[in-house]
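# An overview of the molecular structure
The residues making up each chain are set out below.
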Protein chains: 2
Amino acid sequence: MSTTSRTLPNGRRPSVKDVAELAQVSLGTVSNVLNRPARVSTGTRERVEKAMSDLGFVLNESARQLRMGRSNTFAYVMLDATNPFFNDVGRGIELAAEEADLSLFLCNSDGRSAREAAHLEHLQQQRVDGILITPVDPDEPQLRRIVQQGTPLVIVDRANTSGQFCSVTVDDRLGGRVAIEHLVDRGHTRVAYVGGPSTMGQVRDRYEGARAAWDEAGLAESDLLHVETTTMSVEEGRVAGERLAGLPRRSRPSAVFCANDLVALGLLQQVISTGQRVPEDLAIVGYDDIAFAAGAAVPLTSVRQPRQALGRTAAELLIEETTEPDHEHQQVEFTPELIARTSTLG
Amino acid sequence: MSTTSRTLPNGRRPSVKDVAELAQVSLGTVSNVLNRPARVSTGTRERVEKAMSDLGFVLNESARQLRMGRSNTFAYVMLDATNPFFNDVGRGIELAAEEADLSLFLCNSDGRSAREAAHLEHLQQQRVDGILITPVDPDEPQLRRIVQQGTPLVIVDRANTSGQFCSVTVDDRLGGRVAIEHLVDRGHTRVAYVGGPSTMGQVRDRYEGARAAWDEAGLAESDLLHVETTTMSVEEGRVAGERLAGLPRRSRPSAVFCANDLVALGLLQQVISTGQRVPEDLAIVGYDDIAFAAGAAVPLTSVRQPRQALGRTAAELLIEETTEPDHEHQQVEFTPELIARTSTLG
DNA sequence: GAAGACGGTTGAAAGGTTTCAGGTCTGGAC
DNA sequence: GTCCAGACCTGAAACCTTTCAACCGTCTTC
């Protein structure tokens, strides 16, 4: 109640100077109370602390950063904040950051390059100590520029082609492979891969892994269809379902491998709503194994990624890069794992 | 390639001063190029722009903020980043912020007061222009202090008791009421309310609405059970399911109303996995109508909230508060709507 | 040819913090 | 009585940007 900043003559917020004046000490002492309290005698410290709370003093972080040149803040630029997968990754980052006493800002590029660029520009201007990002395109030159200009950056869930950054990935080719091997094992000989846009590395790699496994199984090349979606959302999954339903009966696949679980769940909904049975009429494999996959209308077979570990590892790499002078960039790769459930097992 | 900041003697990043020197102009002119390009002659402007890109100049936002006293940034402190409901709210905020050319930082309190307090402190120090928050406890004194100290704050999805803030809410009592009325209409006479902790206003209000409707229906008070959970997660929903299953047969409810969809989905999974049928053996109503509710094992009846509108409205109120001098605090309340699906309709 | 207007540019001041080389004072050792 | 160590405190400088009054030429206008 007594702690309002309105006691200042003008509308200004109280600064260390005001505190110093009220407590009858110098600026330096106030700063010491803030940063090295042990150096200040008890009496003085208490006087300063009282002055701070009387004035409602709040440290101005901009000024501190300006002086210090660093912010103790990381940021994670998410590719799609509505996808639980990226939230779990973010949670892993958050936990590691909290342990290291760093603040974390989350930004959402929403899959749009322009938004991503704006966020990156802003973060660089804010002088965050480091950036974690799941990029729209890992070869975007802006990323390299940011590193060259002095802000460390770690790529999450994408490989980096150049070795210019640390990166943490999951082997998407292997993920695509195990998904298809599972379907082939179950006797499927005509399968659709649903996902897009193909500009996304994840979409491409999973397809390539799938394609490789398909070819190795000796199946006809044209029997692995690629149904391209515009985004990786539940809605697009539904649309893909309708497109499949529109195919002539004999060219319809008996199984679908979706590039992520959102697409798979949307497709599942659409398929069920038209009275088809999963997996009898159509088997479905998803990707990511988000929490909702197990609880879907038909529990979803999915390729699980170590989501939280992905985030945590990325954050730890970034911490190392910001603290160890002789840091070397590393590419960490995790291994995905197929979780088989009813949507393929019947 | 040529744009590296390493051309500076020490490891310093280039500043306007360096740009000015290289371009043979004064500091003021560089600033004009940045902020009022029209005032600068074409030749000079081009020279300055070239110098900037040659040096890899990145404006120091801390210094600008220090000088300007404002940051053109809002922040949204989410209660639970893993709950799609809050992500949808955040998306509404993001869209409104983007239109107003404001940056948005997302923070996650993860339901913990301590983390929330740390985030708020940090945001205040960063001098964000305004804060949106779904608080752990809307009566937390820190919130009032922040406003008194000059940072506008809007409460999202909670009522504020004091009229000290703007707030945007959905009528949770009404939501609880419609959920119970629906179940009573379907003939249920023994129902469990599952959610917690009761310290959360949402949990309390939905319960109160449910209780009021229950009493008005003339049903026995003790036939509306309250099963308290520790958090509102899928996992806790499963645990609650086990607890219900542990009840003696005759005291088991025929329907459950869950305080949110995550809990409902977890409970649904648990119930199905034990071979019970939904809704025949147990009907379930959720809350929020997140995207995954419709695609659950049994499509979930849920109380829908206007998630994105909630966020957008909150952001618009905050924008008004930061721009209109004679702003008056408003409480906006939306109305929830029951979406009936298979989990109660059979 | 003088006065004024105007486009373009300058440079100092301000904004709040941290740092650091020095300052003062106290008390103990000789 | 002198000297010194240590504890405590001071105040100016630096960080980088924006702003604004002042300035300089050039062009109009009468």
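Anyway, here's the lowdown on the structure attached to this text. None of the values given here were measured: they were computed from a predicted structure.

## Some remarks on unusual backbone geometry
A cis amide bond links A:G196 with the next residue in sequence, A:P197, at an omega value of -5°. Relative to the helices and strands, A:P197 resides in the loop between strand 6 (191-195) and helix 9 (201-216). For the bond from B:V278 to B:P279, the omega torsion is 10°, close enough to zero to count as cis. Its place among the elements puts B:P279 in the loop between helix 11 (261-273) and strand 9 (283-288). Of note, the phi angle at A:N72 is positive, near 55°, even though the residue is not glycine. Residue classification places A:N72 among the partly exposed positions, given a relative accessible area of 35%.

## Section: empty space enclosed by the protein
Enumeration over the complete set of coordinates arrives at six cavities of 30 Å³ or more. If you add up the space inside the largest cavity, you get close to 90 Å³. Around the largest cavity, the lining residues are A:M78, A:F86, A:N87, A:G90, A:R91, A:E94, A:L104, A:L106, B:A81 and B:N108. At the level of secondary structure, the elements contributing two or more residues to the lining of the largest cavity comprise helix 5 (84-99) and strand 2 (103-108) of chain A. The element that contributes the greatest number of residues to the lining of the largest cavity is helix 5 of chain A, accounting for five residues.

## Notes on the pattern of salt bridges
Within this structure, the stated rule accounts for 49 salt bridges over all chains. The shortest N-O distance in the salt bridge between B:E98 and A:R115 comes to 3.8 Å. Remark: A:R115 occurs in helix 6 (residues 113-125) and B:E98 occurs in helix 5 (residues 84-99); the pair is interchain, linking two chains. Salt bridges linked by common partners bring A:R91, A:E94, A:E98, B:D110, B:R112 and B:R115 together as one network.

## Some points on the protein's contact with DNA strand C
The environment of DNA strand C is formed by 25 residues, the closest being A:V16, A:R36, A:R67, B:T29 and B:T44. A share of 68% is what sugar and phosphate atoms reach among the atoms of DNA strand C within 4 Å of the protein. A:R64 is positioned with one of its side-chain polar atoms (N or O) 2.9 Å from a phosphate oxygen of DNA strand C. Split into classes, the residues belonging to the surface near DNA strand C amount to ten nonpolar, ten polar and five charged.

## Some details on the side chain of B:S71
Considering the arrangement of structural elements, one finds B:S71 in the loop between helix 4 (61-68) and strand 1 (73-78). Given the relative accessible area of 3%, B:S71 is considered buried.

Conventions we followed
- Residues numbered from 1 in each chain as written.
- Chains lettered and ligands numbered in written order.
- Predicted model: local features only at pLDDT ≥ 70, side-chain atom pairs only at ≥ 80, totals over all residues.
- Heavy atoms only, no water.
- Helix = DSSP H or I, 4+ residues; strand = E, 2+ residues; numbered from the N terminus.
- Buried < 20%, exposed > 50% of the residue type's maximum accessible area, 1.4 Å probe, protein only.
- 1 Å grid on protein atoms, 1.4 Å probe; cavity = no way out; pocket = protein on both sides within 12 Å on 5 of 7 lines; lining within 4 Å.
- Points joined across faces, edges and corners; volume = space filled by probe spheres on them.
- Salt bridge = Lys/Arg side-chain N within 4 Å of Asp/Glu carboxyl O.
- Near = heavy atom within 4 Å.
- Polar contact = N/O pair within 3.5 Å; in protein donor to acceptor, adjacent residues only side chain to side chain.
- Nonpolar A, V, L, I, M, F, W, Y, C, P; charged D, E, K, R; others polar.

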